[in-house]
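Below, each chain spelled out in residue letters.
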Amino acid sequence: MKTNGAPHWTPADSAELYGIRNWGAGYFDLAEDGAVTVNVQFPEGRVGVSIPQIIEGMRSRGMQMPVLLRIENILDAQITVLNESFTRAISTLGYRGSFRGVFPIKVNQQCQVIEEIARFGSSYGHGLEAGSKAELLIALATLQPGSGHIVCNGYKDEEFVSLGLQALRLGYRVTFVIETPTELPIILEASKRLGIAPILGLRVKLASKVSGAWSESSGDRSIFGLTTSQIVQTLDLLRSHNMLDCLQLLHYHLGSQIPNIRDIRSGVLEACRYYVDLVREGAALGYLDLGGGLAVDYDGSQTNYEYSKNYSLDEYCTDIVETIMTTLDPEGIEHPVIVTESGRATVAYSSVLLFNILDVTSFEGGDPPAVDSSEHELLRNLADVLSGIGSKNLQECFNDAVFYRDEIRELFKRGQIRLRSLSLSERLFIEIVRVIARETASSRRAPPGLDGLEDSLADIYYGNFSVFQSLPDVWAIEQVFPVMPVHRHNEKPVRQAIIADITCDSDGKIDRFIDPRGLRKTLPVHPLRENEPYYLGVFLVGAYQETLGDLHNLMGDTNVVSIRINADGSFDFIREMDGDSIADVLSYVEYQPQQLLEQFRRTAEGAVRAGRISPQERQAMLASFDASLRGYTYFEE
Ligand SMILES: *Cc1c(COP(=O)(O)O)cnc(C)c1O
């Protein structure tokens, strides 16, 4: 630890403060020069690339913030660890089945992401899960026949079913998971008509309930899955068509982000009981599909907190394999192929949202000026409170300060003091709160009600992004993601801030941050420097955030950059995609940009005729309007 003298801050101090080595999973770390790095393992060794350097590369190519940075190596690495962890558990425990992962397209449907999963995943036979017709089209167009499996969940109409059946002829393995009793007759009819036997799965509604943010998807009241009586009906119907051999897969999904390994185990155990009895009923089962739920440790705490998880990937795999074996072995039933539909854990790590800070509001003005005797008595009282603060009267001083401040506000409303006096009183009040906050922070016996005072004085850092577009779960379900500056980590971050976005919605903010001891309301940041950009990163945003986002205030899709890191430490910009232009977002809400330009042109022309502007001024205005239409929806430099 530091001893006397000037405090010296190192990247190691920052690593501890922001917990990057806990949530970073080895993919993110800090370098000696204070930069956040992206790390990738190669056979030759580990390579780290500095995020500020990646940003420099984007800037020199004219790419504006905010940018969603995708790191392809990380996506590949996550597919690898998922497959290899299962393979390891299977061989260690002597399991006699294999593992087949499928990626649920809904978790990140972006073409580039799905193509990379299909390309890289093919060596493991990694497939795709489709929950809708559109997603089935993506799966068929992206996977090769004979490679990864396609598992179809969700409601399936006759068109969906016909297409899926015909794809079997091409050599795709398409499984229809029956989610409702009405689906089976549609499938049977199409199958007879086309003369193609379907591959079927059953989705069961497990009684096991899970804790966590998505607990609603589990238990008796879950909206998905067949009840036991619907399962019996389905079995009877299949038997009557002599088609029990088509029923090959048993599926359940307990919900996303399951933080507690106990819930995962009890889900598998219950599903195995169904598996045993379906086999006894004559179903030709061979696949047990556990759905998603594999969690991401967003705060790095390794606990059963809803945005963490209390298990490693190896434990997850071992527990699943072990539970299946101990349940099926006494029944003499063959080990099934284990299928999981891990979405979140596969893609979360591979995307980082990067944005610059545009402005800061601080609630302090340094030492407030002296209050002279001509000021109102209440202001002089407030000044006395400030000078009289001691460790024993904190609560009393705070109460007095609130009282005087409120009285002064009343006087202003009644026109009895001027704006300058009001402003002076606010500065005095903030200074009082600051001194009290400092005292309470250093005293072990802080009066109740005074803790949290410092949070109320936090700076507001305005970030060039939209929570609604890029981090919808922060707004919708109060999810926490790791957030931190991506540079300057050899400097102590002496300010505390909340992050506001540039929508004009008061919900457009981040004011819950990860902390090893629970959540915190403010983020430690560095003071801005003149003429020097300051960048923050929001990490682990690859799952669900991209397409759940909306066009609040017509902030559109951000620019996206994909990089691939090379073994020699260099990196390539694989793909750059421009975010929405203003014309794009206007057309999403049914405006016609050309028509808007035309309407504006007519207004300007009218002004020329009336002699209010010159033709040259008209020209310049139209050029600005036109350039704006083609521009980015975010703050441009
Ligand atoms: C959403 C979903 C998943 C993905 O779950 P994750 O927790 O993201 O892995 C898997 N299967 C089904 C049926 C889903 O609806």
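None of these values were measured; they are calculated from a predicted model.

**Comments concerning the site of the ligand**
(1) Moving on: The full set close to the ligand counts 17 residues, and Lys 106, Ser 256, Glu 341, Gly 343 and Tyr 544 are the nearest of them.
(2) Moving on: Here an oxygen atom of the ligand sits 2.5 Å away from a polar atom, N or O, in the side chain of Ser 256.
(3) Moving on: With respect to the ligand, the side chain of Glu 341 contributes an N or O atom lying 2.5 Å from a nitrogen atom.
(4) Moving on: Protein chains bury 92% of the 390 Å² of accessible surface belonging to the ligand in isolation.

**Things to note about the sheet that holds strand β11 (residues 287-289)**
(1) Moving on: The parallel closed barrel is built from eight strands, whose spatial order is β5-β6-β7-β8-β9-β10-β11-β12. When the angles between neighbouring strand axes are averaged without regard to direction, this sheet yields 25°.
(2) Moving on: In the sheet, strand β5 (residues 99-104) pairs with strand β12 (residues 337-340) via three bridges, with the strands oriented parallel. In the strand pairing of β12, Arg 100 is matched with Val 339.
(3) Moving on: The sheet contacts of helix α8 (residues 183-194) involve β8 (174-178) and β9 (199-203), and relative to β8 the element is tilted by about 145°.

**Structural notes on the pattern of salt bridges**
(1) Moving on: Under the criterion given, the structure shown has 38 salt bridges.
(2) Moving on: A salt bridge links Glu 116 to Arg 119, with the nearest nitrogen and oxygen atoms 2.8 Å apart. Of this pair, Glu 116 and Arg 119 both sit in helix α5 (residues 111-121), three residues apart, which is roughly one turn of that helix.
(3) Moving on: Its relative accessible area of 6% is what places Glu 116 among the buried residues.
(4) Moving on: Judged by relative accessible area, which is 48%, Arg 119 ranks as partly exposed.
(5) Moving on: Of the charged contacts, one joins Arg 239 and Glu 281 as a salt bridge, the two residues approaching to 3.0 Å between their closest N and O atoms. Of the two residues, Arg 239 sits in helix α9 (residues 228-240) while Glu 281 sits in the loop between α10 (261-280) and β11, which places them 42 residues apart along the sequence.
(6) Moving on: Through salt bridges with shared partners, a single ionic network connects Glu 72, Asp 76, Glu 116, Arg 119 and Arg 564.

**Quick notes on unusual backbone geometry**
(1) Moving on: With omega at 0°, the peptide bond leading from Met 65 into Pro 66 counts as cis.
(2) Moving on: Tracing the sequence through the fold places Pro 66 in the loop between α3 (51-60) and β4 (67-71).
(3) Moving on: For Glu 478, which is not a glycine, the phi torsion comes out positive at approximately 55°.
(4) Moving on: As for its position among the elements, Glu 478 is in the loop between α17 (472-476) and β15 (483-485).
(5) Moving on: Its relative accessible area of 45% is what places Glu 478 among the partly exposed residues.
(6) Moving on: Backbone geometry places Asn 531, a non-glycine residue, at a positive phi of 55°.
(7) Moving on: Tracing the sequence through the fold places Asn 531 in the loop between β20 (523-525) and β21 (535-538).

**Overview of helix α11 (residues 313-328)**
Because the α-helix completes a turn every 3.6 residues, residues three or four places apart line up on one side.
(1) Moving on: Relative to the 22 Å expected for 16 residues at 1.5 Å per residue, α11 spans 23 Å between its end C-alpha atoms, a close match to the ideal helical length.
(2) Moving on: When we look at burial in α11, the residues that qualify are Leu 313, Tyr 316, Cys 317, Asp 319, Ile 320, Val 321, Thr 323, Ile 324, Met 325, Thr 327 and Leu 328.
(3) Moving on: In this fold, the buried residues of α11 make contact with α4 (72-93), α10, β11 and β12.

**Some words on the environment of Arg 96**
(1) Moving on: Among the secondary structure elements, Arg 96 is positioned in the loop between α4 and β5.
(2) Moving on: Put simply, Arg 96 and Val 337 are 241 residues apart on the chain and 8.6 Å apart in space, counted from C-alpha to C-alpha.
(3) Moving on: Beyond its immediate chain neighbours, meaning those up to four positions away, Arg 96 contacts Asp 329 and His 335.

**Structural notes on the state of the cysteines**
(1) Moving on: Inspection of the entire model under this criterion finds zero disulfides.
(2) Moving on: Cysteine Cys 152 remains unbridged, with the sulfur of Cys 246 as its closest cysteine sulfur at 15 Å.
(3) Moving on: In this model Cys 272 remains outside any disulfide bridge; the closest cysteine sulfur is found in Cys 317, 15 Å from its own.

**Some words on the packing of aromatic side chains**
(1) Moving on: A full pass over the atoms with the stated rule returns 18 aromatic pairs.
(2) Moving on: Ring centres of Trp 23 and Phe 539 lie 5.1 Å apart, and the angle between their planes is 45°; on these two criteria the pair is classed as tilted. With a gap of 516 residues between them, Trp 23 in helix α2 (residues 20-23) and Phe 539 in the loop between β21 and α18 (545-548) connect regions that are remote in the sequence.
(3) Moving on: Consider the rings of Tyr 311 and Tyr 316, whose centres lie 6.0 Å apart with planes at 20°: the pair is stacked.
(4) Moving on: Site record: aromatic cluster; members linked through ring pairs are Phe 86, Phe 99, Tyr 311 and Tyr 316.
(5) Moving on: Lying across the ring of Phe 429, Arg 405 places its NZ or CZ 4.3 Å from the centre.

**Re the packing of helix α6 (residues 133-142) against helix α7 (residues 158-170)**
(1) Moving on: Where α6 meets α7, the axes come as close as 10 Å, and the angle between the chain directions of the two elements is 15°. In terms of orientation, α6 and α7 fall into the roughly parallel class. The crossing of α6 and α7 is left-handed. Of the residues in α7, those in contact with Lys 133, Leu 136, Leu 137 and Leu 140 of α6 are Glu 159, Phe 160, Leu 163, Gly 164 and Ala 167.

About the thresholds
Residues numbered from 1 in each chain as written. Predicted model: local features only at pLDDT ≥ 70, side-chain atom pairs only at ≥ 80, totals over all residues. Heavy atoms only, no water. Near = heavy atom within 4 Å. Polar contact = N/O pair within 3.5 Å; in protein donor to acceptor, adjacent residues only side chain to side chain. Areas by Shrake-Rupley, 256 points an atom, 1.4 Å probe, with all protein chains shown as cover. Pairing = 2+ DSSP bridges. Helix = DSSP H or I, 4+ residues; strand = E, 2+ residues; numbered from the N terminus. Axes fitted to C-alpha atoms, helices over the stretch in contact; angles between N-to-C directions. Contact = heavy atoms within 4.5 Å. Salt bridge = Lys/Arg side-chain N within 4 Å of Asp/Glu carboxyl O. Buried < 20%, exposed > 50% of the residue type's maximum accessible area, 1.4 Å probe, protein only. Expected span 1.5 Å × (residues − 1). Disulfide = S-S within 2.5 Å. Phe/Tyr/Trp six-rings, centres within 6.5 Å; stacked < 30°, edge-to-face > 60°. Lys NZ or Arg CZ within 6 Å of the ring centre and 35° of its normal. Parallel < 35°, antiparallel > 145°, perpendicular 65-115°, else oblique. Left-handed = near helix turned anticlockwise from the far one by under 90°.

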